[in-house]
Amino acid sequence: MNEELSLRFSKVKLLLLDVDGVLTDGRIIYDSQGRDSKFFDVHDGLGVFCLHRAGINTVIVTAKSSKSIKPRAKDMKVVDVFAGIFPKTKVLDIIIKKYGVGPDEICFVGDDLVDLSLMRKIGVPVAVANASSEIKEAACYVTNRAGGRGAVREVAELILKSQGKWKDILKFYGL
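Since the model is a prediction, treat every value here as computed from it, not as a measurement. (Residues numbered from 1 in each chain as written. Predicted model: local features only at pLDDT ≥ 70, side-chain atom pairs only at ≥ 80, totals over all residues. Heavy atoms only, no water.)

J.: How do you make sense of the packing of aromatic side chains when you look at a structure like this?
T.: Aromatic rings in a pair are described by how distant their centres are and how their planes are angled relative to each other. One pass over the structure, following the stated rule, counts two aromatic pairs. A ring pair is formed by phenylalanine 9 and tyrosine 141, whose centres lie 5.9 Å apart and whose planes are at 85°; its orientation type is edge-to-face. With phenylalanine 9 in helix α1 (residues 3-10) and tyrosine 141 in strand β8 (residues 141-142), this pair connects stretches of sequence that are 132 residues apart. Each member of the pair, phenylalanine 9 as well as tyrosine 141, is classed as buried. (Phe/Tyr/Trp six-rings, centres within 6.5 Å; stacked < 30°, edge-to-face > 60°. Helix = DSSP H or I, 4+ residues; strand = E, 2+ residues; numbered from the N terminus. Buried < 20%, exposed > 50% of the residue type's maximum accessible area, 1.4 Å probe, protein only.)

This is the structure in structure tokens:
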């Protein structure tokens, strides 16, 4: 990671995440009653938990509503969930005020066109490896890992390492 990018990640005080295509691989399964199921990556969850442990909050901002999001968010120690939000910029001022951060202190991880408007309004826009080309172009960083396959963990580690907090996380886990 170059010096400019490291500086951007070092300023992050709040992580915003999309769900479908970022915390999941983008596939949605519907059962015979029309209920949806999502697959979440445990490594991404630990990354978000580590951020929480280091004092960096995570908020979910998703255009789709699903009952499976809130239990997973609670498990990962996500502090807030904004579901059924479009455009996603609709909640940006609320988030900034509620969490006392500036746009340049926010990192947002997205994957598709619905994320573009929010990515253009914050300081650290990130695209997952399998994001659409427009999202990759708007990002300051494109993950090596795909959405739902460790991309969020990768971002969490970049934030923690750039802020000098990674060693404390390793110490917590006995390393």
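J.: Honestly, helix α3 (residues 69-76) in this entry has me stumped. Any pointers?
T.: Given 3.6 residues per helical turn, the α-helix brings residues three or four places apart onto the same face. Inspection of α3 places Ile69, Arg72, Ala73 and Met76 among the buried residues, and these make up the whole buried set. All buried residues of α3 fall inside an arc of 100° around its axis, so they share one side. The exposed residues of α3 that point more than 90 degrees off its buried face are Lys70, Pro71, Lys74 and Asp75. Of the surrounding elements, those touching the buried residues of α3 are α2 (42-53), β4 (57-62) and β5 (80-83). Downstream of α3 by a residue or two, lysine 77 has a phi angle that is positive, lying close to 75°. (Arc of directions from axis to C-beta. Contact = heavy atoms within 4.5 Å.)

J.: Even after reading the chapter, I still don't get the sheet that holds β8, so can you show me in this structure?
T.: Strand pairing in a sheet takes place through backbone hydrogen bonds and is either antiparallel or parallel in direction. Spatial ordering of the open sheet is given by β5-β4-β1-β6-β7-β8, a layout of six strands whose pairing is parallel. Where the open sheet ends on each side, the last strands, each with one partner, are β5 and β8. By the bridge criterion, four bridges tie strand β1 (residues 14-17) to strand β6 (residues 106-110) in an arrangement that is parallel. Along β6, the bridge assignment pairs leucine 14 with isoleucine 106. (Pairing = 2+ DSSP bridges.)

J.: Looking at this model, I keep getting lost on the side chain of aspartate 41. Mind explaining?
T.: Locating aspartate 41 in the fold gives a position in the loop between β3 (36-37) and α2. No salt bridge is formed by the buried aspartate 41; its nearest oppositely charged neighbour, arginine 149, is found at 5.4 Å. Among the polar contacts listed, one links the side chain of aspartate 41 to the backbone nitrogen of histidine 43, at a separation of 2.6 Å. Residues contacting aspartate 41, with those up to four places away along its chain left out, are Leu23, Arg72, Gly148, Arg149 and Gly150. (Lys, Arg positive; Asp, Glu negative; His and termini not counted. Salt bridge = Lys/Arg side-chain N within 4 Å of Asp/Glu carboxyl O. Polar contact = N/O pair within 3.5 Å; in protein donor to acceptor, adjacent residues only side chain to side chain.)

J.: Help me understand the state of the cysteines, please; the structure alone is not making it clear to me.
T.: Defined simply, a disulfide is a covalent bond joining two cysteines at their sulfur atoms. Overall, the coordinates contain zero disulfides when judged by the stated rule. We note that cysteine 50 lacks a disulfide partner, and the nearest cysteine sulfur, in cysteine 107, lies 16 Å from it. In this structure cysteine 140 is a free cysteine whose sulfur lies 7.0 Å from that of cysteine 107, the closest cysteine sulfur available. (Disulfide = S-S within 2.5 Å.)

J.: Could you clarify how one ought to interpret the environment of alanine 151 in this entry?
T.: Inspection of the secondary structure puts alanine 151 in helix α7 (residues 151-162). Residue alanine 151 is classed as buried on the basis of its relative accessible area, which comes to 0%. It is 7.6 Å that separates the C-alpha atoms of alanine 151 and alanine 129, two residues lying 22 residues apart in sequence. Residue contacts for alanine 151: discarding those within four places in its chain leaves Asp44, Val128, Thr143, Arg145 and Ala146.

J.: I tried to follow unusual backbone geometry on my own but got confused; where do I start?
T.: Both trends apply: most residues other than glycine have a negative phi, and most peptide bonds are in trans. The omega angle of the peptide bond from phenylalanine 86 to proline 87 is -5°, so this bond is cis rather than trans. Assignment of secondary structure puts proline 87 in the loop between β5 and α4 (92-99). Even without being glycine, lysine 77 reaches a positive phi, approximately 75°. Tracing the chain through its elements places lysine 77 in the loop between α3 and β5.

J.: Even after reading the chapter, I still don't get the pairing of β5, so can you show me in this structure?
T.: Remark: a regular strand shows side chains that alternate across the two faces of the sheet. Residue alternation in β5 divides its side chains into a buried set, Asp80 and Phe82, and an unburied set, Val81 and Ala83. Summarising the sheet, β4 and β5 pair through four bridges and their orientation is parallel. Within β5, the residue paired with threonine 62 across the bridge is alanine 83.

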